[in-house]
Amino acid sequence: ANTSTLSSPADDFRLWCLGLSGSYRGPATYAKDRLDEAKVLREKIVRFLLDAQEWIQRRNNAVQSSSNKWRDQDQILFQRCIQATNSCHDAIAGRTSSSQSTTLANDSDDEEESGKDRGERESGKGEFDFNGAAYLDELVAIAEAGSSYLHNQSSLECHGPVEPVEFAIHTLRD
């Protein structure tokens, strides 16, 4: 499927609301470029899901000439998914750490506010604050790690086990 068939403005908007619209405690700030960013991120996630499903289908239909023994790259993808799952649970629970990625953080005013909120939460003051930006960061990280894994599989003419890719799909869909 090409990019135009993956188009879903409603899902782009939902993704913008989740992780690109600003703090959940403040007003949302609409910007066309942020909605465009949501489209790119959503398409990256969907592209991985489609490519992964196709790869699994091809792998299952192929002659079983390779080993199903896990290699380093299989373990790396699996561990990245586990790490992302834990970070997503923290984001949903409103827990953050100072080392947590904020690559999809909002503009500087929102970052100052989220830093203040984080400090209040860590000191036991303040209220729960779902961290949609951190959650979205982790979803994109899984899709990127999975896409890289699939690219390496095809470029090396390698046919690794399907379980790490199935786990990545399962992690993204949950």
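Check the entry above for the structure.
Anyway, here's the lowdown on the structure attached to this text. (Residues numbered from 1 in each chain as written. Predicted model: local features only at pLDDT ≥ 70, side-chain atom pairs only at ≥ 80, totals over all residues. Heavy atoms only, no water.)

1. Some remarks on the overall build of the chain
Summing up its helical and strand segments, the chain has six helices and zero strands in all. Helices and strands in the chain line up, N terminus first, as α-α-α-α-α-α. The buried share of the chain, reckoned over its 174 residues, is 39%. The long-range fraction of contacts in the chain, counting pairs at least 24 apart against all pairs at least 6 apart in sequence, stands at 81%. Of the roughly 10000 Å² of accessible surface on the chain, 52% is carried by carbon and sulfur atoms. (Helix = DSSP H or I, 4+ residues; strand = E, 2+ residues; numbered from the N terminus. Buried < 20%, exposed > 50% of the residue type's maximum accessible area, 1.4 Å probe, protein only. Contact = heavy atoms within 4.5 Å. Areas by Shrake-Rupley, 256 points an atom, 1.4 Å probe, with all protein chains shown as cover.)

2. Details of the pattern of salt bridges
The full count for this structure, using the stated rule, is 10 salt bridges. As a salt-bridge pair, aspartate 12 and arginine 42 come within 2.4 Å of each other at their nearest N and O atoms. Taken together, the residues aspartate 12 in helix H1 (residues 9-19) and arginine 42 in helix H2 (residues 32-61) connect sequence positions 30 residues apart. Under the relative-accessibility criterion, arginine 42 is labelled buried at 9%. With a shortest N-O distance of 2.9 Å, arginine 95 and aspartate 90 are connected by a salt bridge. (Salt bridge = Lys/Arg side-chain N within 4 Å of Asp/Glu carboxyl O.)

3. Digging into the packing of H2 against helix H6 (residues 163-173)
Between H2 and H6, the least distance of the axes is 10 Å, while the angle of their chain directions is 145°. Crossing geometry of H2 relative to H6 is assigned as left-handed. Contacts from Ile45, Phe48, Leu49, Ala52, Gln53, Trp55 and Ile56 of H2 reach H6 at Val165, Glu166, Ala168, Ile169, Leu172 and Arg173. Across the contact of H2 with H6, the residue classes break down as 10 nonpolar, one polar and two charged. (Axes fitted to C-alpha atoms, helices over the stretch in contact; angles between N-to-C directions. Left-handed = near helix turned anticlockwise from the far one by under 90°. Nonpolar A, V, L, I, M, F, W, Y, C, P; charged D, E, K, R; others polar.)

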